[in-house]
Amino acid sequence: MQGYVYLNADFTNATGYSGKPIHMLVGIDPNGSITGIRLVDHKEPIVLIGIPEAKVVAAMNSLVGRNMGAVASGTERPPQVDIVSGATVTVLVMGDSVVRSAVRLIRSGRLSGAAASASPAAAPVQARQVDTDNSEVRSWDDLVGDGSVRRLSLSVGDVNEAFTRAGNAEAARNAETDQPDDSFIEMFVAPVSVPTIGRSLLGDEGYARLRDRLQPGQEAIVVAGDGAYSFKGSGYVRGGIFDRIELLQDGSSTRFRDRNHMRLGALQADGAPDLREIALFVMPEDFRLDLTQPWQIQLLVQRNVGARDKAFITYDLDYSLPEKYLRPVDASSQLQAQAQAAPSGSPQQSPAAAAAEDGSDGSLSQPLWQRIWLSSTVQIGITVVALLVLTAIFFFQDTLVRRPRIYVWVRRGFLLFTLVWLGWYANAQLSVVNVLTFTNALITGFSWEFFLAAPLIFILWAAVAAALLFWGRGPFCGWLCPFGALQELLNNLAQWLKVPQIKVPWALHERLWPIKYIIFLVLFGLSFYSVALAEVFAEVEPFKTSIILKFSRDWPFVIYALTLLSVGLFIERFFCRYLCPLGAALAIPGRIRMFEWLKRWPECGSPCQRCAKECPVQSIHPEGHINVNECIYCMHCQELYHDDHRCPHMIQVRLKRERYDAVASPSMKAGGKGAKAAFVPHHARQKAVPAASSSDPQSEGA
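As the structure is a prediction and not an experimental result, all values here were calculated from the model.

It is worth spelling out the overall build of the chain at this point. The number of helices and strands found in the chain is 35 helices and 14 strands. Taken across its 702 residues, the chain has 48% of its residues classed as buried. Residue pairs in contact within the chain that sit at least 24 positions apart in sequence constitute 73% of those at least 6 positions apart. Accessible surface, the chain: about 33700 Å² in total, of which carbon and sulfur atoms supply 57%.

What follows is the structure, encoded as structure tokens:
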């Protein structure tokens with residue numbers, strides 16, 4: 001017998017950015033050493049397109065040869081995989097899954113060579129438990145003084161020296177601040193599921209809410225920090241995983257996801273400092289934290305090295321619960337707990353883990369998507385307000401476009417918000433991949449919870465669906481698409497710099513715009529064969545490169561995105577016009593719109609061509625009608641529609657109004673000659689001039 005091969009998902013989960021499991025085959029010998037790892041299936045976008053899969057596999061291979069028996073017995077710490085810049089979270093999740101699955105397999109007793117030394121219950125110990133009857137409110141100084149709250153304090157100089165010792169001088173030079181004595185991080189950790197600590201740090205009301213949320217056997221901790229470095233990082237915003245901190249105990253480890261997290265504004269203990277970041281973490285369903293045993297929080301410190309690479313080091317913050325919070329377990333309770341934890345010789349399993357296996361929610365009583373929405377209230381609020389503002393712009397468009405100078409800055413301001421906040425900050429860039437995934441879900445098994453798990457994307461799609469009935473594809477393509485906003489703002493800048501603009505001949509233009517429909521149909525058909533393959537070819541959209549990854553990708557993708565933006569400097573919204581499959585996908589249902597909001601005059605198209613010539617995306621036919629499939633609802637034509645100095649129809653209306661006002665003026669009614677002279681018909685001017693000349697001063701004097 002050389003060893004065994006198992007699927008990691010049979011023992012523990014591995015969910016990355018995609019929200020879908022990462023499946024790996026792991027080889028392990030009878031002594032508990034990893035013999036090989038093979039990546040079988042995943043949906044990680046950063047690996048599908050961007051980071052070479054071979055690079056990720058090479059990082060995982062650093063675990064090959066490591067003996068997990070020592071880790072399972074608690075005599076060694078869990079090994080860390082090599083970090084891959086740009087795919088930190090994905091690699092860490094995969095490494096954690098391999099280590100935890102191997103430890104669980106060994107502890108189950110199925111590997112005879114490793115089972116004896118790996119059993120966590122091999123050495124008899126006196127059983128203890130948290131004393132839940134010991135509950136009081138204590139000050140911050142008392143909690144820190146007796147070790148109830150543990151602290152990790154690092155200066156910038158400390159981290160510089162650590163990188164230097166690790167042989168990475170470039171990372172040491174690339175410090176967060178220029179002063180070595182500046183605070184790098186002050187990090188505090190405490191288990192708030194312990195009554196005294198929880199009441200002191202959360203307050204009585206906050207601790208009561210926490211107790212209602214926790215399942216039997218489930219614990220919660222508070223991590224707080226201040227200084228130049230954030231223990232949260234930004235990974236959880238994009239992928240929902242806190243990649244900079246890891247909890248380790250007895251050979252097992254876990255990383256927290258956004259569904260385990262709640263942001264706190266302040267600590268309630270008397271004398272507690274004001275800290276920049278305070279996070280409450282509830283233990284995941286598949287991890288049991290034993291507060292009676294030591295555990296650690298490991299902080300991952302990263303610094304940029306060069307344009308794209310990063311260097312990493314780790315710091316450990318050890319925690320042991322003070323003895324005053326513990327009490328011995330009586331014999332009957334201990335036997336009952338053992339019987340419940342390991343029935344029929346099975347490995348120890350927490351109630352939370354059992355609940356997870358049953359498919360129930362082991363961490364909180366609320367569904368996952370509701371917890372995600374509650375943790376994203378600020379972003380949801382900002383997005384809803386922005387949509388309400390945009391709705392007001394559309395409903396009161398006639399009033400707004402009559403003031404072109406105000407309207408142009410309102411539009412530019414909204415586009416800047418869409419690009420910077422909605423796109424680069426919140427990563428709420430809709431994609432044709434969303435359409436393909438939704439269609440596939442309708443066929444294979446639809447679940448609202450999957451789509452509700454991304455609040456901003458769901459809200460934007462709901463708004464876009466409603467807008468299709470009123471205005472077609474225009475509200476999204478012209479106002480809510482971050483890449484479209486980037487194109488238009490860059491073109492505005494180019495026009496301000498007098499960059500010559502190219503007017504595509506109409507005959508060529510109407511033959512180019514069907515290209516995007518062809519691209520969409522190809523992707524749509526390909527998705528029925530393989531959604532993953534369709535996602536690969538969906539890279540025709542430069543959204544991921546320019547918006548999600550902010551151009552931090554391999555050079556072919558960056559060159560492609562920059563090429564499209566460069567062409568857009570000369571042809572406004574080039575990508576939107578001819579290549580965007582998402583625009584094509586929205587144009588098809590957009591034809592069912594129920595209202596016509598864009599007004600036209602009978603003279604539009606014949607003889608007047610001004611709107612057609614000035615339309616930024618050439619969506620107005622020479623005959624005068626607007627092609628709503630191509631219209632981005634910039635409302636430039638509506639500016640012209642109401643402008644009585646540029647629109648020929650409105651110019652005639654203005655002249656008639658001025659003539660009427662002049663005829664109705666008091667001077668005309670009084671028979672003043674000035675008024676008469678001003679409105680002599682052209683054909684009568686030759687007769688009127690002598691008449692006027694006969695009334696010279698000499699005649700009047702005569």
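Moving on, we get to a nonpolar patch on the surface. A contiguous nonpolar patch, built from F438, L442, I443 and F528 and spanning about 410 Å² of accessible area, is present on the exposed surface. No other element matches the three residues that helix α17 (residues 432–444) contributes to the nonpolar patch. Mapped onto the fold, F528 is located in helix α23 (residues 514–529).

This part takes up the packing of aromatic side chains. Counted according to the given criterion, the structure contains 24 aromatic pairs. Judged by centre distance (5.8 Å) and plane angle (70°), the rings of F414 and W479 are edge-to-face. One end of the pair, F414, is in helix α16 (residues 404–425); the other, W479, is in helix α20 (residues 474–480), with 65 residues separating them in the sequence. Judged by its relative accessible area of 7%, F414 falls in the buried class. Under the relative-accessibility criterion, W479 is labelled buried at 0%. Aromatic side chains F520 and F524 sit 5.7 Å apart centroid to centroid with 35° between the ring planes, which places their arrangement in the tilted category. Here the residue F520 and the residue F524 both occupy positions in helix α23, the gap between them amounting to four residues, near one helical turn. Here a set of aromatic residues connected by ring pairs shows up, and it is made of F394, F395, Y407, F414, F417, W421, Y425, F470, W471, W479 and Y633.

A few words now on the environment of E614. Turning to its location among the elements, E614 is positioned in helix α29 (residues 610–614). By relative accessible area, E614 is classed as partly exposed at 28%. Spatially, the C-alpha atoms of E614 and C637 are 7.9 Å apart, while their sequence positions differ by 23 residues. The contact partners of E614, leaving out residues within four places of it in the chain, are K503, H636, L640 and R646. Of note is the side chain of E614, whose polar atom sits 2.8 Å from the side chain of H636.

Once that is clear, we can look at the packing of α23 against helix α28 (residues 581–590). For the pair α23 and α28, interaxial distance at closest approach is 8 Å and the crossing angle is 90°. One element, α23, and the other, α28, form an angle in the roughly perpendicular class. Residues K516, Y517, I519, F520 and L523 of α23 touch α28, and the partners they reach there are P581, A584, A585, A587 and I588. For the contact of α23 with α28, the residue count by class is nine nonpolar, no polar and one charged.

With that settled, the discussion passes to the confidence of the model for the chain. Regions with low pLDDT carry predicted coordinates that are not meant to be interpreted in detail. Taken as a whole, the chain shows an average pLDDT of 80; of its residues, 80% reach a score of 70 or greater. Across the chain, the element-wise mean pLDDT spans from 38 in helix α12 (residues 351–357) up to 95 in helix α21 (residues 482–496). Confidence drops under a pLDDT of 50 for residues 340–365, and excluding neighbours within four residues, the segment shows 35 contacts in the predicted structure. Note on residues 674–702: pLDDT under 50 across the span, and eleven contacts to partners over four residues away in sequence or across chains.

This part takes up helix α2 (residues 53–60). Since the α-helix advances by 3.6 residues per turn, residues separated by three or four positions end up pointing in the same direction. All of the buried residues in α2 are V56, A59 and M60. End-on, the buried residues of α2 take up no more than an arc of 100°, which puts them together on one face.

What follows covers the nonpolar core. Grouped together as the largest cluster of nonpolar side chains are 74 residues, with contacts concentrated most on F476, W479, L480 and L582. Apart from residues no more than four positions distant in its own chain, F476 is found in contact with Q429, L430, V464, C481, L582 and L586. The next biggest cluster of nonpolar side chains, apart from the first, holds 63 residues, and it includes F231, A279, Y319 and Y325.

In this section: the packing of helix α14 (residues 377–395) against helix α19 (residues 455–470). Where α14 meets α19, the closest approach of the two axes is 10 Å, and the angle between their N-to-C directions is 15°. Between α14 and α19, the angle falls in the class roughly parallel. When the axes of α14 and α19 are compared, the crossing they make is right-handed. Between α14, through Q379, I380, T383, V384 and L387, and α19, the contact on the second element is made entirely by P455, L456, I459, L460 and A463. Of the residues in the contact of α14 with α19, the class split is eight nonpolar, two polar and no charged.

Across the sheet, which stays open at both edges, the five strands sit in the order β5-β6-β7-β11-β10 with antiparallel pairing between neighbours. Either end of the sheet is taken by a strand with one partner, and the two such strands are β5 (150–155) and β10 (261–263). Pairs of neighbouring strands in the sheet enclose a mean axial angle of 20°, with direction left out of account. As paired elements, strand β6 (residues 183–191) and strand β7 (residues 220–226) share six bridges and run antiparallel to each other. What sits directly across from P191, in β7, is I221. Here helix α7 (residues 156–165) sits on the sheet and contacts β5 and β6; the angle it forms with β5, its principal contact strand, is near 75°. On the sheet, helix α9 (residues 195–213) packs against β6, β7, β10 and β11 (277–282) and is oriented at approximately 40° with respect to β11.

Looking now at a negative patch on the surface. Taken together, the side chains of E136, D141, D142 and D270 present a region of like negative charge at the surface. Locating D142 in the fold gives a position in helix α6 (residues 140–145). Note on D142: relative accessible area 39%, which makes it partly exposed.

Before going further, it helps to examine the environment of N61. When you line up the elements, N61 lands in the loop between α2 and α3 (68–73). For N61, a relative accessible area of 35% corresponds to the partly exposed category. Along the chain, N61 and R38 lie 23 residues apart, while their C-alpha atoms are 9.0 Å from each other.

Here α16 spans 30 Å end to end across 22 residues, near enough to the 32 Å set by a 1.5 Å rise per residue. Within α16, the axis deviates most sharply at T418, by approximately 25°.

Thresholds, definitions, all that
Residues numbered from 1 in each chain as written. Predicted model: local features only at pLDDT ≥ 70, side-chain atom pairs only at ≥ 80, totals over all residues. Heavy atoms only, no water. Helix = DSSP H or I, 4+ residues; strand = E, 2+ residues; numbered from the N terminus. Buried < 20%, exposed > 50% of the residue type's maximum accessible area, 1.4 Å probe, protein only. Contact = heavy atoms within 4.5 Å. Areas by Shrake-Rupley, 256 points an atom, 1.4 Å probe, with all protein chains shown as cover. Patch = residues over 30% accessible without salt bridge, like charges linked within 9 Å, V, L, I, M, F, W, Y side chains within 5 Å. Salt bridge = Lys/Arg side-chain N within 4 Å of Asp/Glu carboxyl O. Phe/Tyr/Trp six-rings, centres within 6.5 Å; stacked < 30°, edge-to-face > 60°. Polar contact = N/O pair within 3.5 Å; in protein donor to acceptor, adjacent residues only side chain to side chain. Axes fitted to C-alpha atoms, helices over the stretch in contact; angles between N-to-C directions. Parallel < 35°, antiparallel > 145°, perpendicular 65-115°, else oblique. Nonpolar A, V, L, I, M, F, W, Y, C, P; charged D, E, K, R; others polar. pLDDT = per-residue confidence, 0-100. Arc of directions from axis to C-beta. Core = buried A, V, L, I, M, F, W, Y, C linked by side-chain atoms within 4.5 Å. Left-handed = near helix turned anticlockwise from the far one by under 90°. Pairing = 2+ DSSP bridges. Lys, Arg positive; Asp, Glu negative; His and termini not counted. Charge placed at Lys NZ, Arg CZ, Asp CG, Glu CD. Expected span 1.5 Å × (residues − 1). Bend = angle between axes of the 7 residues up to and from the residue.

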